[in-house]
Amino acid sequence: MPYPSTITGSLPTIIISPQDVANIIQRQGIKETLEGMKSYILEDYLHWDSFDKTPRISNHVSDGVLELMPIANQRQYSFKYVNCHPKNPNKGLSTILAFGALISNDTGQPDVISEFTLTTALRTAATSVLAAQYLARPNSKRMAIIGNGCQSEFQALAFYHLLGIEELALFDIDRKASEKLARNLSNTSLKIEIFDTVAQAVKNADIVTTVTAEYSKANIITPEMIEAGMHINAVGGDNINKTELHADVVKNARVFVEFEPQTRIEGELQNMPDDFPVTPLFDIFQKGESARYSEEEITLFDSVGFAIEDFSAIRYMNDTAVTLGLARPLSLTPDLKDPKDLFGYLTDYANL
């Protein structure tokens, strides 16, 4: 499909704003958006060996971290810049802010520049539910969400729409966050209950999702809370010295990871010895069947977020924006009359 543009010469760059993401969801619904993004993520994981992969580059600063997440295949290069500043809400900002790009390998032309604050939440939820389809017990109905901040609605809706979760048990140290989450999900058929402790919330849960902003090596989930057959979706512990699970919870689970060299540094694996065994997601996706050994097994997705998911997400958002007629072009690179005369553009532009 051609770009909706009147720009001639060099190809325009498609800009995807937060408003565009909201319009996409309003036009096609969040269920279809999550389902579409999940399918793109699975497609790229199935081509795992074709990607040039590296752990993200982190710059730790006071009260936060700034990160660059690059990845490439034979056709395109992608990166995402993302932060995590837990004190941002006190300044009227989201804890996580992000943007990214998709670039042609052939020319270096930026094909897409996109917001990634909303898109990160969507792709994280889509990855969580994709992993759970292979790791959680069939017919799982009850999920506990520990940490009810900015990503919690996306996780809840992904598991509701795509995995069939019917009951949510909520806990946050700020009860207002749980009340906000319950309000935002009030138009679903989910049965929602807010609890006063983590232990109460996780009791009888088929799936436990942790997505806290705790910036320490915390023990939010402890061994006595774990029940046979649980699947743990550990999302919040995604940086150096930032974890959510007691070491014995990890030790007693079968652990699945995105990109092991990154998860060893940033995930729950920080509390494990270097030879602690893990299974990569791409391996279970390629086998195409449930990875559980038994109904009683404890499975853990040590989710830190990996750049292949961002590559998938920006591809999906671009394709969807174009299909829905929402793609907006911007001339991000100069359209040169003489490609060897960059300085001449300054004079030419004055005469345009």
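Under an unreviewed UniProt entry, the name given to the chain is Ornithine cyclodeaminase, and the source organism is Rodentibacter rarus.

A.B. asks: Would you explain the domain arrangement of the chain in this entry?
C.D. replies: How big an interface is tends to be stated in terms of accessible area lost as the parts join. What the domain assignment lists for the chain is domain 1 (14-118 + 308-334) and domain 2 (137-305). Taking only C-alpha atoms, the centre of domain 1 and the centre of domain 2 are 23 Å apart. If you look at the interface, domain 1 gives 25 residues, while domain 2 gives 24 residues. For the pair domain 1 and domain 2, the summed buried area comes to about 2100 Å², and 67% of that belongs to carbon and sulfur atoms. For the pair domain 1 and domain 2, the interface holds one salt bridge. Across the pair E266 and R56 runs a salt bridge, and its minimum N-O distance is 2.7 Å.

A.B. asks: Would you mind showing me how to read the pairing of strand β9 (residues 191-194) here?
C.D. replies: Looking down a regular strand, the side chains alternate between one sheet face and the other. Here four bridges tie strand β8 (residues 167-171) to β9, and the two strands are oriented parallel to one another. Note that in β9 the partner of L168 across the bridge is I192.

A.B. asks: Looking at this structure, I do not really get unusual backbone geometry. What am I missing?
C.D. replies: Across the chain, the bulk of peptide bonds are trans and the bulk of non-glycine residues have phi less than zero. A positive phi angle is found at N139, which is not glycine, with a value near 65 degrees. Within the secondary structure layout, N139 lies in the loop between α3 (117-135) and β7 (142-146). Taking relative accessible area as the criterion, N139 reaches 66% and is therefore assigned exposed. Here N241, not a glycine, exhibits a phi torsion of approximately 65 degrees, which is positive. By secondary structure assignment, the location of N241 is in the loop between β12 (231-234) and β13 (243-245). According to the relative accessible area criterion, N241 is partly exposed, its value standing at 46%.

A.B. asks: Looking at this structure, I do not really get the pattern of salt bridges. What am I missing?
C.D. replies: For side chains bearing opposite charge, pairing can occur when the charged atoms are close. According to the stated counting rule, one finds 21 salt bridges in the structure shown. Between D20 and R328 there is a salt bridge, with the nearest N and O atoms lying 3.0 Å from each other. Of this pair, D20 sits in helix α1 (residues 18-28) while R328 is found in strand β17 (residues 328-330), placing the two residues 308 residues apart along the sequence. Overall, R328 belongs to the partly exposed group, its relative accessible area being 37%. In this structure, R254 and E297 form a salt bridge, with 3.3 Å as the shortest nitrogen-oxygen distance. Of this pair, R254 sits in strand β14 (residues 254-257) while E297 sits in the loop between α9 (281-287) and β16 (299-302); the two residues are 43 residues apart in sequence, bridging distant segments of the chain. Since its relative accessible area comes to 17%, R254 is described here as buried. A residue is classified by how much of its surface remains accessible, and E297, at 12% relative accessible area, is buried.

A.B. asks: Mind showing me how you'd approach the sheet that holds β9 here?
C.D. replies: Two strands in a sheet stick together by hydrogen bonds in their backbones, pointing the same way (parallel) or opposite ways (antiparallel). The eight strands lie next to each other as β9-β8-β7-β10-β12-β16-β14-β15, forming an open sheet whose pairing is parallel. The open sheet has two edge strands with one neighbour each: β9 and β15 (279-280). Taken together, the four bridges between strand β10 (residues 207-210) and β12 define a ladder with parallel strand orientation. In the strand pairing of β12, I207 is matched with H231. Where α3 meets the sheet, it contacts β12, β14 and β16, and its direction lies at approximately 155 degrees from that of β16.

A.B. asks: Just checking my understanding: could you explain the state of the cysteines for this structure?
C.D. replies: A disulfide bridge is the covalent bond that connects two cysteines by way of their sulfur atoms. Considering all chains together, one arrives at zero disulfides under this definition. There is no disulfide at C84, and the cysteine sulfur nearest it, in C150, is 10 Å away.

Conventions used here
For every chain, the first residue of the written sequence is number 1, and numbering continues from 1 along that sequence. Restriction of local features to residues with pLDDT of at least 70 applies here, the model being predicted, together with a cutoff of 80 or more for giving and counting side-chain atom pairs; totals for whole chains, interfaces and linings are based on all residues. Values shown for side chains rest on all heavy atoms present in the structure; no hydrogens or waters enter the calculation. By convention here, the domain bounds are inherited from an automatic or database domain assignment. Throughout, a residue-residue contact means that at least one pair of heavy atoms, one from each residue, lies within 4.5 Å. By buried area we mean how much accessible surface two parts lose on assembly, using a 1.4 Å probe and totalling the loss over both. Think of a salt bridge as a Lys or Arg side-chain nitrogen and an Asp or Glu carboxyl oxygen that are within 4 Å of each other. At least two bridges found by DSSP between two strands are what make those strands a pair. Under the DSSP-based scheme used, a helix requires at least four consecutive residues in state H or I and a strand at least two consecutive residues in state E, with every element numbered from the N terminus. Note on classification: 1.4 Å probe, protein chains only; a residue is buried when its accessible area is under 20% of the maximum for its type, exposed when over 50%, partly exposed between these limits. Comment: axis = line fitted to C-alpha atoms, over the contacting stretch for helices; angle = value between 0 and 180 degrees taken between N-to-C directions. In this description, a disulfide is simply a cysteine sulfur pair whose atoms lie within 2.5 Å.

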